[in-house]
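What follows is the residue order along each chain.
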Amino acid sequence: MVLAGLGRQLNTALNSFSKASVVDEKTLDALLKEISKALLESDINVKLVGNLRNHVKTRALKEIKEANASTNHQKSKQIVHKAIFDQLVALVDPQEDPYKPTKGKTNIIMAVGLQGAGKTTSCTKLAVHYQKKGFKVALVCADTFRAGAFDQLKQNATKAKIPFYGSYTETDPVAISVAGVQQFKKSKFDVIIVDTSGRHKQEEDLFEEMVMISQAVKPQMTVLVMDGAMGQAAESQASAFKQSSDFGAIIVTKMDGHAKGGGAISAVAATQTPIIFIGTGENLHDIDTFRPRPFVQQLLG
Ligand code: GDP
């Protein structure tokens, strides 16, 4: 995940802090103000930013006191850096292990999310990812709402040489999901990925449809696909999806562009669900595994 703007702002704040001649409550407050501003500008939820600020301040002051480091500025700065690093990691790490498919077993993955979030693209990317790891993978298109969704999935799947299932005539997404999953289960596929409809907003019937598909195919993992450019609305969107589909993982898309990503980070905290992959382009191989610590390391340069 790039988040270049945020990284730059955080670095500027930390650099000017590291040049400070003293480390006291005043310089710490000034640093935290700049860091909070950068996080807010990246669309990270205001409550989360407030919490981060308080945690860093309390912990850093306590540790500086305990280490008798108030006159050792180098040591104090290290303490502050570490507190900030850990809190940024905590923001993107709910400490929940996502489901990991196992070979020789049926692993059903269902993708949910708003229309245009990048579900269909991400489903094929996921399929390619697991295929590269030696899984026998198939795709099911249960998006009967968006015209062209099946053609899109078919095109992607054909390009990636991944078996797929869908229908031009069946309009019931539950019937399609069940038929597709049954067919691939019979043929002993390890990973079966079901792409569902996404409407423009959190419409009631979208949620009902997701619940019905989920009850019918009983996925081992449901993934929320979320646009990285989504701002402050991301948190409530994610919470609404969590209530109805109880997803266990998040894929954040379009992180190759100018997406700030902060909305998705807020969604992690709101739903205590881990990000597993980041979409970094329109190509089927443009998917990166997400790991909280390296992500923050990269962010802080
Ligand atoms: P769906 O309606 O949720 O199924 O969304 P689609 O998979 O059709 O994606 C919507 C648009 O976003 C398409 O033009 C995709 O090529 C594009 N897209 C999806 N993921 C990414 C990504 O990670 N980066 C970029 N740049 N574009 C993406």
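This report concerns the structure included in the present document. Quick caveat: nothing in here was measured; it's all calculated off a predicted structure.

About the criteria used
- Residues numbered from 1 in each chain as written.
- Predicted model: local features only at pLDDT ≥ 70, side-chain atom pairs only at ≥ 80, totals over all residues.
- Heavy atoms only, no water.
- Helix = DSSP H or I, 4+ residues; strand = E, 2+ residues; numbered from the N terminus.
- Buried < 20%, exposed > 50% of the residue type's maximum accessible area, 1.4 Å probe, protein only.
- Contact = heavy atoms within 4.5 Å.
- Lys, Arg positive; Asp, Glu negative; His and termini not counted.
- Charge placed at Lys NZ, Arg CZ, Asp CG, Glu CD.
- Pairing = 2+ DSSP bridges.
- Core = buried A, V, L, I, M, F, W, Y, C linked by side-chain atoms within 4.5 Å.
- Near = heavy atom within 4 Å.
- Polar contact = N/O pair within 3.5 Å; in protein donor to acceptor, adjacent residues only side chain to side chain.
- Areas by Shrake-Rupley, 256 points an atom, 1.4 Å probe, with all protein chains shown as cover.
- 1 Å grid on protein atoms, 1.4 Å probe; cavity = no way out; pocket = protein on both sides within 12 Å on 5 of 7 lines; lining within 4 Å.
- Sits in = over half its atoms within 2 Å of the grid points.
- Nonpolar A, V, L, I, M, F, W, Y, C, P; charged D, E, K, R; others polar.
- Phe/Tyr/Trp six-rings, centres within 6.5 Å; stacked < 30°, edge-to-face > 60°.
- Lys NZ or Arg CZ within 6 Å of the ring centre and 35° of its normal.
- Right-handed = clockwise from strand over helix to strand, strands pointing away.
- Axes fitted to C-alpha atoms, helices over the stretch in contact; angles between N-to-C directions.
- Parallel < 35°, antiparallel > 145°, perpendicular 65-115°, else oblique.
- Left-handed = near helix turned anticlockwise from the far one by under 90°.
- Patch = residues over 30% accessible without salt bridge, like charges linked within 9 Å, V, L, I, M, F, W, Y side chains within 5 Å.
- Salt bridge = Lys/Arg side-chain N within 4 Å of Asp/Glu carboxyl O.

Another point: the overall build of the protein. A tally of helices and strands in the protein yields 11 helices and eight strands. Looking at the 301 residues of the protein, the share that counts as buried comes to 51%. Put simply, of all contacts in the protein between residues at least 6 apart along the chain, 76% involve residues at least 24 apart. Charged side chains in the protein number 37 positive and 30 negative. The centres of these two groups are separated by 6 Å.

It is worth spelling out the pairing of strand β1 (residues 107-112) at this point. Counting buried positions along β1 yields six of six residues, so the element is predominantly enclosed. Where burial is concerned, the two faces of β1 agree: the one with Asn107, Ile109 and Ala111 and the one with Ile108, Met110 and Val112 are both buried. Bridging between β1 and strand β5 (residues 221-227) involves four bridges; their strand directions are parallel. Following the sheet pairing, methionine 110 is matched in β5 by threonine 222.

Here the focus is the nonpolar core. In terms of nonpolar packing, the biggest core is built from 70 residues, with Ile35, Val80, Leu88 and Phe241 touching the most fellow members. Counting residues per element, this core draws most heavily on helix α4 (residues 73-92), at nine residues. When near neighbours in sequence (up to four residues on either side) are disregarded, leucine 88 contacts Leu10, Leu39, Leu52, Val296 and Leu300. If you look at the next biggest cluster of nonpolar residues, it comprises 29 residues, including Cys123, Leu139, Val223 and Ala249.

So, about the site of the ligand. The ligand sits among 18 residues. The nearest are Gly116, Lys119, Thr121, Asp256 and Glu282. Within the contact set of the ligand, an oxygen atom lies 2.8 Å away from a side-chain nitrogen or oxygen of threonine 120. Within the side chain of threonine 121, a nitrogen or oxygen atom sits 2.5 Å from an oxygen atom of the ligand. In isolation the ligand offers 580 Å² of accessible surface; the protein chains occlude 81% of this area. According to the grid-proximity analysis, the pocket containing the ligand is the second largest pocket. Looking at side-chain class alone, the shell around the ligand contains two nonpolar, 10 polar and six charged residues.

Time to look at the packing of aromatic side chains. A full pass over the atoms with the stated rule returns six aromatic pairs. Grouping aromatic residues by their ring pairs yields a cluster made of Phe150, Phe164 and Tyr168. Between the NZ or CZ atom of lysine 136 and the centre of the ring of phenylalanine 189, over which it lies, the distance is 4.5 Å. The ring of phenylalanine 247 carries lysine 242 above its face, with NZ or CZ at 5.0 Å from the centroid.

For valine 252, the location among the structural elements is in strand β6 (residues 249-253). Once the C-alpha coordinates of valine 252 and alanine 264 are considered, the two residues, 12 residues apart in sequence, prove to be 6.7 Å apart. Not counting residues up to four positions away in its chain, the partners in contact with valine 252 are Met226, Gly228, Ala264, Ile275, Phe277, Ile278 and Gly279.

All right, on to the pairing of strand β7 (residues 275-279) then. On a regular strand, each side chain points to the face opposite its neighbour's, so the side chains alternate between the two faces of the sheet. The buried count for β7 comes to five of five residues, which makes it a mostly enclosed element. The pairing of β6 with β7 spans three bridges and is parallel. Bridging across to β7, isoleucine 251 finds its partner in phenylalanine 277. Assessed by its sense of winding, the connection that carries the chain from β6 through helix α10 (residues 262-271) to β7 is right-handed. With three bridges joining them, β7 and strand β8 (residues 287-289) adopt antiparallel strand pairing. Bridged to phenylalanine 277 within β8 is threonine 289.

One can describe the packing of helix α7 (residues 173-186) onto helix α8 (residues 204-217) by two numbers: an axis separation of 9 Å at closest approach and a directional angle of 25°. Between α7 and α8, the crossing angle belongs to the class labelled roughly parallel. Handedness of the crossing formed by α7 with α8: right-handed. Side by side, α7 and α8 meet where Pro173, Val174, Ser177, Val178 and Val181 of the first sit next to Glu209, Met212, Ile213, Ala216 and Val217 of the second. The class makeup of the residues in the contact of α7 with α8 is eight nonpolar, one polar and one charged.

A grouping of Lys100, Lys103, Lys133 and Arg291 is seen on the molecular surface, where their side chains present a positively charged patch. Looking at the secondary structure, you find lysine 133 in the loop between α5 (119-132) and β2 (137-142). Overall, the relative accessible area of 48% leaves lysine 133 in the partly exposed class.

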